[in-house]
Structure formats: structure tokens, C-alpha cells
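# Analysis of the macromolecular model
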Amino acid sequence: MRVLIVKNYEELSVKAAEEVAELIKRKPICVLGLATGGTPVGMYKELARMHQSEGLDFSGVATFNLDEYYGLDGSHPHSYRCFMDANLVDGTNINRENMFIPNGKVAIKDVEAHCAEYEEKIKEAGGIDLQVLGIGGDGHIAFNEPGASLASRTRLVALNEQTIKDNARFFASAEEVPVYAISMGVGTILEARELLVLANGEKKADIVAKALEGPLSSSVVASVIQLHPKVTVILDEEAAGKLSRANFYKFAASMEGQVRLKLF
Ligand code: PGA
């Protein structure tokens, strides 16, 4: 696992954007898996800046979001579709027709078919080249809450109490946070060719240590990244604060310049 520890959130955002930009430059027709939440906002801002001032071209990029709240229409201000518009699409030349986000308003009777179709669309697009992931306070990736099957696919899920509390900050109150979501599964996520995991702040330090250095377990779903062959984790100093191997990660990262290869 490649773990890059940077000073603060600004450096994390720039480094993460560089990783994404590197893929887009190397493979202009590519597929990005995208995440929402507070963590990737700075990365999206930097990507929009790269588009506007450096001409980073998103015209060949297709995107698949990890999840969407169930019950919210894509035009709802708290929907993840609106989040993506505001944070990335409006500032870049991503073609909206190539942006895929689960439909939070699909009828219950059609949910299974919708989820199967989402998986099919990912396959048709050629699979996800790089999947961006945040880590929830309860260790979730996408909305795969503690206890989620590590082989799960895109499906309707219930949100954990902690997630509802954590996400209440984006809503007027916790009561307004939807209690279901359509989420890519852990199995779906593991099929991406590369994972880019981001976490910042002291409040993530415990869960980051469990995910990176604890046992592989559905109790900490993010620990499943230990099974993937190409994972880059970018952390600020605070989120890295409880890692026991921080010095080794820093050493390995410092060696990358010499071999000009990513040391996974
Ligand atoms: P956050 O959420 O970026 O808002 O901390 C992370 C997540 O839930 O995946």
C-alpha cells in the first residue's frame, strides 16, 4: 500500500488532484470513480483550477459516483448529483452525458434492476480506472456500513446511526438526513484498477489506523483496501497521527523519486 503523508488539507487536495490529473493526461479517455463528502472538496476545487488555468481536459472522462441518498431527486440541493455539479462539473468540461450517479428516486420495485444496470454501465464503460474514496467515521467506504458484505455489489442500503449524525452537518437537522442510499458494493469498488483513498483531520486518525493497520474485517469496511493491489492513501499529518508505521510510509514515499515508480 502506498501511503503519502502530507502536511495539511491543502497539500492533500493538491496531491490528490495531481494523481487524478496524471491519469487523465496518460489516458484521456478514462473512467473515474468519484466520492462525495467533505474530504474530496479541495481536490475537486484544484481539478477545476487545473482545467481553467492549465487546460486539463475532461472531455473524454466518464465518471461513476459511489452512491446517492435514496429518496432525493438529483435536483435536490443535498443530492450527490447537485454536489457533483457544484464541486466539479460546473468548473470543468466534463460531459454531463458521461456522468453516472445512482438515481435516488427510482421506485422501490425497480431498485434491483437499477442497481444491476449501474453495474452494467460500469462494465460497458470499460471498468473504473481510478476510484476516489473517503473513509467514514465508522469506517465505511461509499455507504458500505459496518458489517457490509465484503463481496457486495451496488444495492439499496440502510445508513448507520453514526453516518446520519456525521452527515447531519450538511442538512438543517439529523432528521432530514435520508436513512437509505444506493451504494456501490465493496466488491464493485475492489474491481477498480486503482484506488485513491483520502482522509484528513484528527477525527479520522483512529479509523485510518484501523483501516490501514488493523485486521481485515467487515467491522471496519475500509480495511478491505488491504486486499487491493494498487492503493494510494493520502493523509494529512492529523489523520496519520495514530499510524504505527508512519515513518516507514514516509521513507517509502521519499524513495519514489529515485525509482520514478509508485511504490505500492
Ligand atoms: P467526509 O465523509 O469526507 O465528509 O468525512 C467521508 C465518507 O463518508 O466517506
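Before any of the text, the structure's been laid out above.
Owing to the predicted nature of the structure, the values given are computational and were not obtained by experimental measurement.

Reading the values: rules and limits
- Here the residue numbers are simple positions, counted from 1 along each chain's written sequence.
- Note on the predicted model: pLDDT of at least 70 is required for a residue's local features to be given, and 80 or more for side-chain atom pairs to be given and counted; whole-chain, interface and lining totals, by contrast, use all residues.
- With hydrogens and water stripped out, all remaining heavy atoms of the structure feed into the side-chain values.
- Only DSSP runs of H or I with at least four residues qualify as helices, and only runs of E with at least two residues qualify as strands; both kinds are numbered from the N terminus onward.
- To sort residues, take the accessible area from a 1.4 Å probe on protein chains only and compare it with the maximum for the residue type: under 20% means buried, over 50% means exposed, and anything in between is partly exposed.
- Contacts: residue pairs with any heavy atoms within 4.5 Å of one another.
- With residues, only the protein chains shown are counted as cover, and all accessible areas are computed by Shrake-Rupley using a 1.4 Å probe.
- Only four residue types enter the tally: Lys and Arg on the positive side, Asp and Glu on the negative side, with His and both chain ends excluded.
- By convention, the point assigned to a charge is CZ for Arg, NZ for Lys, CD for Glu and CG for Asp.
- To qualify as a nonpolar core, a set must consist of buried Ala, Val, Leu, Ile, Met, Phe, Trp, Tyr and Cys residues joined through side-chain atoms within 4.5 Å.
- Like charges within 9 Å and nonpolar side chains (Val, Leu, Ile, Met, Phe, Trp, Tyr) within 5 Å are joined into patches, using only residues over 30% in relative accessible area that form no salt bridge.
- One side-chain nitrogen of Lys or Arg within 4 Å of one carboxyl oxygen of Asp or Glu is enough to make a salt bridge.

### Points about the overall build of the protein
Check the secondary structure of the protein and you find eight helices and 10 strands. Reported as C-alpha extents along the three principal axes, the dimensions of the protein are approximately 55 × 40 × 35 Å. A burial count over the protein gives 53% of its 264 residues as buried. Here the contacts in the protein between residues at least 6 apart in sequence split such that 78% fall between residues at least 24 apart. Within the structure as shown, the protein displays about 11,900 Å² of accessible surface, and the carbon and sulfur contribution to it stands at 53%. Distance between charge centres in the protein, computed from 28 positive and 36 negative side chains, equals 4 Å.

### Examining the nonpolar core
Formed by 82 residues in total, the largest nonpolar core has its most connected members in Met43, Leu47, Leu212, Leu235 and Leu243. Top element by residues in this core is helix 1 (residues 9-26). It accounts for seven residues. Every residue in contact with leucine 235, bar those within four places of it in the chain, is listed here: Val3, Leu4, Ile5, Val6, Leu12, Ala199, Val208, Leu212, Ala240 and Leu243. The next biggest cluster of nonpolar side chains, apart from the first, holds five residues, and it includes Tyr70, Val106, Val111 and Cys115.

### What to know about a nonpolar patch on the surface
On the surface, Ile108, Leu156, Val179 and Tyr180 cluster together to form a nonpolar patch covering roughly 360 Å² of accessible area. Relative to the elements of secondary structure, leucine 156 occurs in strand 7 (residues 155-158). The class of leucine 156 is partly exposed, set by a relative accessible area of 31%.

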